[in-house]
Amino acid sequence: MSDRYAPVPEDRFVFGLWTVGNPGRDTWGGATRPVIAPDEIVRRLGDLGAHGVCFHDNDLIPFDATPADREAILGRFRKALTETGLRVTMATTNLAFHPAFKDGSFTANDPAVRRFAIAKSLRAIDLGAEVGASTYVFWGGREGAEIHASKPVGPALDRYREAIDFLADYVVDRGYGMRFAIEPKPNEPRGDLFLPTVGHALHFIETLARPEMVGVNPEVAHETMAGLNFVHAVGQALWANKLFHIDLNSQRIGRYDQDYRFGQEDIKELLFLVKLLEESGYDGPLHFDSHALRAESAEGVWDFARGSMRTYLILREKATRLAADPRYIALCAEAQVPELSLPTVPEGFSGEAVTRLLEEHHDPDALAARVVANERLDQLVTEHLLGTA
Ligand code: GCO
Ligand code: MN
Ligand code: MN
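Brief notes about the coordination of the manganese ion (ligand 2)
Move 1: At 2.1 to 2.3 Å from the manganese ion (ligand 2) lie its protein donor atoms, namely E219 (OE) and H222 (NE2).
Move 2: The two metals, the manganese ion (ligand 2) and the manganese ion (ligand 3), are separated by 3.7 Å and share E219 as a common coordinating residue. We note that E219, like H222, is buried.

So, in structure tokens, the structure goes:
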């Protein structure tokens, strides 16, 4: 294996404590690997050239930890961060696991549950701020329903918005300087989740009291589960200046939430994802929200982590080569890609513009007969991926 695909911290690769820390538990069976302590995860990731870690409050500090436990764990965690130079890039609240959240957290029907969910988030935001997290993610794992009668969408979204607005005010009040990123997902664990796609989340954000503080955290698997095109989702988030974070992994369409290693599926889509991220100037964390296969050993977890980063770097190189390939540039020109950036009616609306458009000679048959060379264009992309270009 060549070294030019060995990651360095400047590549901004991040793993959640819950990702490499996943012991292989699933709905049908228990753990297949031992649990790894957070400071050990930091050290192993440091050895591999990662940039940082992120966590849910309870990945770091167990739900029932005493204040003394909290300080001891934090002390060990901070020591590992200092020794490795790893950063905490993002934090989030676990509002999914505890049975108290069985009917939702910010959107639970019972106001007492909602107040507990907000209080838990306040404490988790403090924890994130304490270790330097600049992004705070909201993934509404229990925000949803299985049956229509139980949870009308309008009031549920009112409560979701109320919670995010309250927490955004808190961050401003404390001067934490954090930004929020909402993570959409169509289903799992609820039958239907609120804010199911990037599009839904982008609209929701515009209704918030502080929309400038809130962006999205799209995840490959989640849009793919919904049968959507992830490159389009990220493209629209970038277009809206709302790509605040990203969760990278792999997923086959129409399956349960697989959380596969980045690159395990649909390499071509991931090539265009990496190309888009790199060309857009996105400079946030590249977070792998995935885990090693259940059958993998404790040591295999680090093969999973290494592979995730290595694949990104290979795709980054492929994307650069593709963009610079004169054949690619020529085929893009033939497909009129540059023309898509030209305004259609540059002079804007006016009575004259309308008249001009209506009086202009349009020849639909000639337009239908023009050549669009997409077959050769895509074949070239495929050959770049296969190494035969
Ligand atoms: C999932 C989600 C989570 C979130 C995490 C951070 O499908 O379980 O992707 O892993 O990303 O809870 O909020
Ligand atoms: Mn997920
Ligand atoms: Mn995720």
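From this point, the discussion proceeds with the structure in view.
What to know about the domain arrangement of the chain
Move 1: Assigned domains of the chain: these are domain 1 (9-323) and domain 2 (326-386).
Move 2: Between domain 1 and domain 2, the contact holds ten residues from the first and seven residues from the second.
Move 3: Of the roughly 790 Å² buried where domain 1 meets domain 2, counting both sides, 68% is carbon and sulfur surface.
Move 4: Of all residues in domain 1, K268, K318 and L322 give up the largest surface area on contact with domain 2, accounting jointly for 61% of the area buried on that side.
Move 5: Viewed at the interface, domain 2 and domain 1 are joined by one salt bridge.
Move 6: With its nearest N and O atoms 2.9 Å apart, the salt bridge here joins D378 to K268.
Move 7: The tally of links between domain 1 and domain 2 comes to three residue pairs in polar contact (both at pLDDT 80 or more).
Move 8: Of all elements in the fold, only α10 (267-280) and α11 (300-324) reach the threshold of two or more residues within the side of domain 1 that touches domain 2.
Move 9: Per-class residue counts for the side of domain 1 that touches domain 2 are six nonpolar, no polar and four charged.

What to know about helix α2 (residues 38-48)
Move 1: Those residues of α2 not exposed but buried are P38, D39, I41, V42, L45 and L48.
Move 2: Against the buried residues of α2 lie β1 (13-16), α1 (17-20), β2 (52-56), α3 (57-60), α4 (67-84) and α11.
Move 3: At the exit of α2 stands G49, carrying a positive phi of roughly 95°.

Structural notes on the site of ligand 1
Move 1: Ligand 1 sits among W18, H56, T92, V137, W139, E183, K185, E219, H222, D247, D257 and D289.
Move 2: Here an oxygen atom of ligand 1 and a side-chain polar atom of D289 are 2.7 Å apart.
Move 3: Protein contact buries 91% of the 330 Å² of open area that ligand 1 shows by itself.
Move 4: Under a 2 Å grid-point criterion requiring more than half of the atoms, the pocket assigned to ligand 1 is the largest pocket.
Move 5: Each residue belonging to the shell around ligand 1 can be placed in one class, and the counts come to three nonpolar, three polar and six charged.

About the criteria used
Residues numbered from 1 in each chain as written. Chains lettered and ligands numbered in written order. Predicted model: local features only at pLDDT ≥ 70, side-chain atom pairs only at ≥ 80, totals over all residues. Heavy atoms only, no water. Donors = N, O, S within 2.8 Å, 3.2 Å for Na, K, Ca; no water. Buried < 20%, exposed > 50% of the residue type's maximum accessible area, 1.4 Å probe, protein only. Domains from an automatic or database assignment. Contact = heavy atoms within 4.5 Å. Buried area = accessible area lost by both parts, 1.4 Å probe. Salt bridge = Lys/Arg side-chain N within 4 Å of Asp/Glu carboxyl O. Polar contact = N/O pair within 3.5 Å; in protein donor to acceptor, adjacent residues only side chain to side chain. Helix = DSSP H or I, 4+ residues; strand = E, 2+ residues; numbered from the N terminus. Nonpolar A, V, L, I, M, F, W, Y, C, P; charged D, E, K, R; others polar. Near = heavy atom within 4 Å. Areas by Shrake-Rupley, 256 points an atom, 1.4 Å probe, with all protein chains shown as cover. 1 Å grid on protein atoms, 1.4 Å probe; cavity = no way out; pocket = protein on both sides within 12 Å on 5 of 7 lines; lining within 4 Å. Sits in = over half its atoms within 2 Å of the grid points.

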